[in-house]
Amino acid sequence: MIAAQAALETKMLLRNGEQLLLTVVIPTLLLVLFSTVDIVDTGAGEAVDFLAPGILALAVMSTAFTGQAIATGFERRYGVLKRLASSPLPRWGLMTAKTVSVLVTEVLQVVLLTVIAFALGWSPHGNPFAVLLLLVLGTAAFSGLGLLMAGTLKAEATLAAANLVFILLLVGGGVIVPLDRFPDAAQSVLGLLPISALSDGLRDVLLHGAGIPWGDLGILAGWAVVGLAAAGTFFRWE
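Everything in this summary refers to the structure shown in the same document.

What counts as what
- Residues numbered from 1 in each chain as written.
- Predicted model: local features only at pLDDT ≥ 70, side-chain atom pairs only at ≥ 80, totals over all residues.
- Heavy atoms only, no water.
- Axes fitted to C-alpha atoms, helices over the stretch in contact; angles between N-to-C directions.
- Helix = DSSP H or I, 4+ residues; strand = E, 2+ residues; numbered from the N terminus.
- Parallel < 35°, antiparallel > 145°, perpendicular 65-115°, else oblique.
- Left-handed = near helix turned anticlockwise from the far one by under 90°.
- Contact = heavy atoms within 4.5 Å.
- Nonpolar A, V, L, I, M, F, W, Y, C, P; charged D, E, K, R; others polar.
- Phe/Tyr/Trp six-rings, centres within 6.5 Å; stacked < 30°, edge-to-face > 60°.
- Buried < 20%, exposed > 50% of the residue type's maximum accessible area, 1.4 Å probe, protein only.
- Lys NZ or Arg CZ within 6 Å of the ring centre and 35° of its normal.
- Expected span 1.5 Å × (residues − 1).
- Salt bridge = Lys/Arg side-chain N within 4 Å of Asp/Glu carboxyl O.
- Patch = residues over 30% accessible without salt bridge, like charges linked within 9 Å, V, L, I, M, F, W, Y side chains within 5 Å.
- Areas by Shrake-Rupley, 256 points an atom, 1.4 Å probe, with all protein chains shown as cover.

Description of the packing of helix H5 (residues 91–119) against helix H6 (residues 128–152)
- Interhelical geometry of H5 versus H6 gives an angle of 130° and a closest axis separation of 11 Å. Between H5 and H6, the angle is such that the two are oblique. For the pair H5 and H6, the sense of crossing is right-handed. Each of Met95, Val102, Leu103, Glu106 and Val110 in H5 lies in contact with H6, whose residues at this interface are Leu135, Thr139 and Leu147.
- The residue inventory of the contact of H5 with H6, partitioned by class, reads six nonpolar, one polar and one charged.

See the structure below:
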């Protein structure tokens, strides 16, 4: 039942034009545009080497947080979650299916963006295990926050808030603009955001060849624990 529901969730996600815009089109356009046009000073080296890790982080956020929050919020509004909760599929099974759907979509995103980045001249380094660990913890952190938003706010409020957060974190989360371009006081705050931890962690590994970025992993783990615990406590099915 979980596998069937996960397959359905994935098909619905990939058929949704708005979701495809968030998960595929926007990250791809940003990667190509900022890698080929000198708009933002990304420091020494090729722009794509700096941008690719941040765009991968953005892809995780777009699927696990923004897309999942909006889709789940409207499913809750239209009573879909209530009906599914009364089916033979248990509630934990439904959430597991949604998680599997998010992971499948992220795999497709990562493959697509990696191929495009390689075509643009990307030269990644580092430990693949560290990258995988960062992506998994980032997914958990953003999923918890997305489900918390979808389970507590009205669908229209979730739509507006999720898109606003997406834009704000895109600008101030170190995805395209390096955090060291911001004032020192702002850097200390922005560095604690999950998108900053994920993009910086991926950049440390893939750009600088660092080992396990424990500091960034700790931040992501903290957000994951808080977000998932809060979502499990306050999520309303109706």
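Some words on the packing of H6 against helix H10 (residues 214–234)
- Taken N-terminus to C-terminus, the directions of H6 and H10 make an angle of 30°; their axes are 8 Å apart at the nearest point. Regarding the angle of H6 to H10, the classification is roughly parallel. Here H6 and H10 pass one another in a crossing that is left-handed. Facing H6, whose interface residues are Leu133, Leu134, Leu137, Gly138, Ala140, Ala141, Gly144, Leu145, Leu147, Leu148, Gly151 and Thr152, H10 presents Asp216, Leu217, Leu220, Ala221, Trp223, Ala224, Gly227, Leu228, Ala230, Ala231 and Phe234.
- Broken down by class, the residue content of the contact of H6 with H10 amounts to 17 nonpolar, five polar and one charged.

Thoughts on the packing of aromatic side chains
- Enumeration according to the criterion identifies four aromatic pairs in this entry.
- Judged by centre distance (6.5 Å) and plane angle (55°), the ring pair of Phe65 and Phe142 falls under tilted. Here Phe65, found in helix H3 (residues 47–77), pairs with Phe142, found in helix H6; they are 77 residues apart in sequence, far enough to count as distant. Like Phe65, the residue Phe142 is buried in the burial classification.
- Geometrically, the ring pair formed by Phe118 and Trp122 is tilted, given 5.6 Å between the ring centres and 40° between the ring planes.
- Residue placement shows Arg203 over the ring face of Phe50; its charged tip is 3.8 Å from the ring centre.

Looking at helix H7 (residues 155–172)
- The end-to-end C-alpha separation of H7 is 25 Å, in line with the 26 Å expected for 18 residues at 1.5 Å each.
- Residues Ala155, Thr158, Ala162, Phe166, Leu169, Leu170 and Gly172 constitute the buried set of H7.
- Of the residues trailing H7, Gly174 is marked for its positive phi of about 75°.

Looking at the pattern of salt bridges
- The tally for this structure, following the rule as stated, stands at five salt bridges.
- Of the charged contacts, one joins Arg181 and Asp180 as a salt bridge, the two residues approaching to 2.8 Å between their closest N and O atoms.
- For Asp180, a relative accessible area of 51% translates into the label exposed.
- What emerges from the salt-bridge pattern is a single network uniting Glu9, Glu75 and Lys98.

What to know about a nonpolar patch on the surface
- On the surface, a nonpolar cluster with roughly 280 Å² of combined accessible area is contributed by Leu14, Val100, Val104 and Leu108.
- Of all the elements, H5 adds the most residues to the nonpolar patch, at three residues.
- Secondary-structure assignment places Leu108 in helix H5.
- The exposure class of Leu108 is partly exposed, given its relative accessible area of 46%.

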